[in-house]
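Structural description and commentary
These are the residues of each chain, in order.
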Amino acid sequence: MTPEERTPHTRRVRWLVTGAAGKLGQDLLAVLGTDPTAEVTGLRRTELDITDAAAVREAVAGHDIVVNAAAWTDVDGAEASEAAATAVNGTGVRHLADACGRVGARLLQVSTDYVFSGEARTPYGEDAATAPVNAYGRGKLAGERAVVGLLPDAGYVVRTSWLYGEHGRDFVTTVLELAETRDTLDVVDDQHGQPTWSYAVAERLALLGGAALAGTAPPGIYHATAGGRTTWMGLARTVFELAGLDPRRVRPTTSAAYARPAPRPAFSVLGHERWAAAGLPPMPHWRTSLEEALRRPAFRALTTPGQ
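All of the points below concern the structure found in this document.

About the thresholds
Residues numbered from 1 in each chain as written. Predicted model: local features only at pLDDT ≥ 70, side-chain atom pairs only at ≥ 80, totals over all residues. Heavy atoms only, no water. Helix = DSSP H or I, 4+ residues; strand = E, 2+ residues; numbered from the N terminus. Buried < 20%, exposed > 50% of the residue type's maximum accessible area, 1.4 Å probe, protein only. Arc of directions from axis to C-beta. Contact = heavy atoms within 4.5 Å. Polar contact = N/O pair within 3.5 Å; in protein donor to acceptor, adjacent residues only side chain to side chain. Salt bridge = Lys/Arg side-chain N within 4 Å of Asp/Glu carboxyl O.

Let's shift gears to the environment of A243. Position of A243 among the secondary structure elements: in the loop between helix 9 (232-242) and strand 12 (250-253). Put simply, A243 and R300 are 57 residues apart on the chain and 8.8 Å apart in space, counted from C-alpha to C-alpha.

Structure representation (structure tokens):
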């Protein structure tokens, strides 16, 4: 039986996922793969260079929803190569927005908390003033502006932060690996944010795309971060605790002790008010998602002795 025969009364929705080999891209393909009404095309960086306008127009044609998970994600590298980073995070996004406008597709652009200065002490709302403190944030903001400017009725900017997941290295996997070889870990305790599971973001993107196509989700900016807040040290101690390790092995330190080429926002807690406007709930608390994520095979292998 064909997919069309299994869902005879539902038109299949044609999704395009760019950056399909990345952490979030792979989770998006997994989530959308469970939807019998979704016809999904996933393109890796080697298959689609979003800085190539002609290639982008060809790839976008024939799709209803485009989720852009392609990005320059090397924050420190962007500081030394801002033009190259902005070509991907800014100009490439403009090409996608232009292509979506030509064919009437919705665009979901994944963005970042780094568009903010980090000087706030209360959660940043979706309409809060932006003021990036590094090259990566400036490039991502350029991409946001392209989406909002070119697609006022069909563009969605979805900001996330402190992303971790099963695919590739990130803070959580690094902590679990270092726990095997070090007696103690020194982790910064003066940066505040929301550890966010990439699979949970993928689920929200799928819901938002469906709502966008149905006309129930207003276009604009959404924040897809977990509820609650903590610091990097707080996250590391919780990872230790959930892995059955002594969290006291994680010791607090300051950002100044680990100077990086690109400055980081000290406060990256985001508000989630706009989900209600789309009739969708915000994401779970960060600890709830972390507990679920650590039960997944890739993480379980890192937390099981002898693996």
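A separate point is helix 3 (residues 53-60). Every buried residue of helix 3 is accounted for by V56, A59 and V60. End-on view of helix 3: buried residues confined to an arc of 90°, all on one side of the axis. For helix 3, the secondary structure elements touched by its buried residues are strand 1 (13-18), strand 2 (38-43), strand 3 (65-68) and helix 5 (82-103). Between a side-chain oxygen at the N-terminus of helix 3 and the backbone nitrogen of A54 the separation is 3.2 Å; the capping residue is D52. Of the residues trailing helix 3, G62 is marked for its positive phi of about 90°.

So, about the pattern of salt bridges. For the structure on display, the rule yields 14 salt bridges. Look at the salt bridges and you will find they share partners, linking D76, R260 and R264 into a network.

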